[in-house]
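Each chain is listed here by its residues.
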Amino acid sequence: MTENLPNIPDNNPVEKSNKIWKNLLYTFLGTTISIILTFGTGQVLQQRRLAQERQLSAMMLMGNVEKFAQKLEQISDELAWRDTLVAYLLAIPEDSIDAPSYSQTLSYLPYSMGFPVLSYDETTETIFANSIEAWKNMGYIKLIDNVGTCFSMMHTITEQYDKFIHEFEGLEAEILKHPEEHPGETPYSKFLHNEMFRTSLSNIHKRVTYYRYLAEVIRYSNATNMKILGVTEEEVIEFVNESRKEIEIDRSYPYQQNFMKPDINPDSLPDLGTWIKGKRV
């Protein structure tokens, strides 16, 4: 009688099944890790790019304010030169303004009225205004308020300076428009005889120190911006200097005189009808 022995379980199917699940698990883990790395790296790169953009925006902002302060100092220097010239002009006795001995001094009067232009690039202000929400989300409320103060001061200073220049231009235009109403033998002497014009000239002296003072006020406010953003004044000035460096290109500057042509001589032209037909063809 043959003994029935128990069947020995076949383990091979189980091993194959385990391998399949392991392979699926490894594939899933590999895919998941790859996705995490891909998106994680992308987010890191995006965050780094945004941080760089914010840094550049901040440097442009503070650099723009510093440039305005430097421009005020330049205007102060320009007015200081005119202030000295005005001292010579106002030292002329009013009853001797038309005397031949002062004609040379009087001829320099136009130099006292040629004022430099005060302006600033409003592009940075526009960029900042368009990104205020982003700065708010980062918690830079104090920065927004302080930057607004800086731009407000820059606007006001520019408007006041323009008004100062226009007052000179208005007086000059009025005297030249009605010369018979003003004493003096020449336009320059008429200017110097006019009391309002003389007062405006004397006011240049006050503005020499006034604009240098305003430059420091602007810098004081900008120092708060630097403190909030963790930037030093040296870094801002270096950024400004770098932005002013000219980029060398293989092209010469186009001067207008190189494009000018002599006036057309009518005698050198052909018959008009012939010229018209030639052009139409």
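Being a predicted model, the structure only gives us computed values, none of them experimental.

As a further point, take the overall build of the protein chain. Helix and strand content of the protein chain: 10 helices and 0 strands. Ordered by position from N to C terminus, the α and β elements of the protein chain give α-α-α-α-α-α-α-α-α-α. The buried share of the protein chain, taken over its 281 residues, is 27%. Considering only contacts within the protein chain whose residues lie at least 6 apart along the sequence, 81% involve residues at least 24 apart. Carbon and sulfur atoms provide 56% of the accessible area of the protein chain, an area that totals close to 20300 Å².

With that settled, the discussion passes to the packing of aromatic side chains. By convention here, two paired aromatic rings are described through the distance between centres and the angle between planes. Applying the stated criterion to the full structure yields 10 aromatic pairs. Grouping aromatic residues by their ring pairs yields a cluster made of Phe115, Tyr161, Phe164, Phe168, Phe191, Phe197, Tyr210 and Tyr211. Its guanidinium or amino end placed over the ring of Phe164, Arg207 lies 4.1 Å from that ring's centre, counting from NZ or CZ.

Moving on, we get to the confidence of the model for the protein chain. Per-residue confidence for the protein chain averages 81 on the pLDDT scale, and 78% of its residues sit at or above 70. No element of the protein chain has a lower mean pLDDT than helix α1 (residues 12-90), at 72, and none a higher one than helix α8 (residues 204-229), at 93. In this model residues 5-9 is a low-confidence stretch, pLDDT under 50, and it forms 0 contacts with partners more than four residues away in sequence or in other chains.

Among the structural elements, Ser221 can be located in helix α8. What makes Ser221 buried here is its relative accessible area of 7%. Ignoring sequence-local partners within four residues, the contact set of Ser221 consists of Asn146, Cys150 and Met153.

Together, Glu233, Glu234, Glu235 and Glu238 give the surface a local cluster of negative charge. Structurally, Glu233 can be placed in helix α9 (residues 233-244).

Bringing the pattern of salt bridges into the picture now. Tallied over the full model, the rule gives 6 salt bridges. Residue Arg219 is joined to Glu73 by a salt bridge in which the shortest nitrogen-to-oxygen separation is 2.9 Å. Here the residue Arg219 occupies a position in helix α8, and Glu73 occupies one in helix α1, the gap between them amounting to 146 residues. One salt bridge connects Glu78 with Arg82, and the closest N-O pair in it is separated by 2.9 Å. With Glu78 and Arg82 both in helix α1, this residue pair falls 4 residues apart, about one helical turn. In this structure Glu78 comes out as partly exposed when scored by relative accessible area, which is 37%. Taking the relative accessible area as the measure of exposure, Arg82 reaches 8% and is therefore buried.

Thresholds, definitions, all that
- Every chain is numbered independently, its residues counted from 1 as its sequence is written.
- Note on the predicted model: pLDDT of at least 70 is required for a residue's local features to be given, and 80 or more for side-chain atom pairs to be given and counted; whole-chain, interface and lining totals, by contrast, use all residues.
- Derived side-chain values reflect all non-hydrogen atoms in the structure, with water molecules and hydrogen atoms excluded from consideration.
- Counting from the N terminus, the helices are DSSP H or I runs at least four residues long and the strands are E runs at least two residues long.
- For every residue, the accessible area obtained with a 1.4 Å probe (protein chains only) is divided by the maximum for its type, and the residue is called buried under 20%, exposed over 50%, and partly exposed between those limits.
- Note on definitions: a residue-residue contact is assigned when non-hydrogen atoms from the two residues lie within 4.5 Å.
- In these tables, accessible area is a Shrake-Rupley quantity obtained with a 1.4 Å probe, and a residue counts as shielded only by the protein chains included in the view.
- Ring geometry is summarised as follows: Phe, Tyr and Trp rings, the Trp one being its six-membered ring, pair when their centres sit within 6.5 Å, and such pairs are stacked at plane angles under 30 degrees, edge-to-face over 60 and tilted between the two.
- Whether a charge sits over a ring depends on NZ of Lys or CZ of Arg being within 6 Å of the ring centre and within 35 degrees of the ring normal.
- On a scale of 0 to 100, pLDDT captures the predictor's confidence in every residue.
- Surface patches are defined over residues having more than 30% relative accessible area and no salt bridge, joining like charges when they lie within 9 Å and nonpolar side chains (Val, Leu, Ile, Met, Phe, Trp, Tyr) when within 5 Å.
- Criterion for a salt bridge: a side-chain nitrogen of Lys or Arg within 4 Å of a carboxyl oxygen of Asp or Glu.
- The convention is simple: Lys and Arg are positive, Asp and Glu are negative, and His and the chain ends are not counted.
- Taken as the charge centre is NZ of Lys, CZ of Arg, CG of Asp or CD of Glu, depending on the residue.

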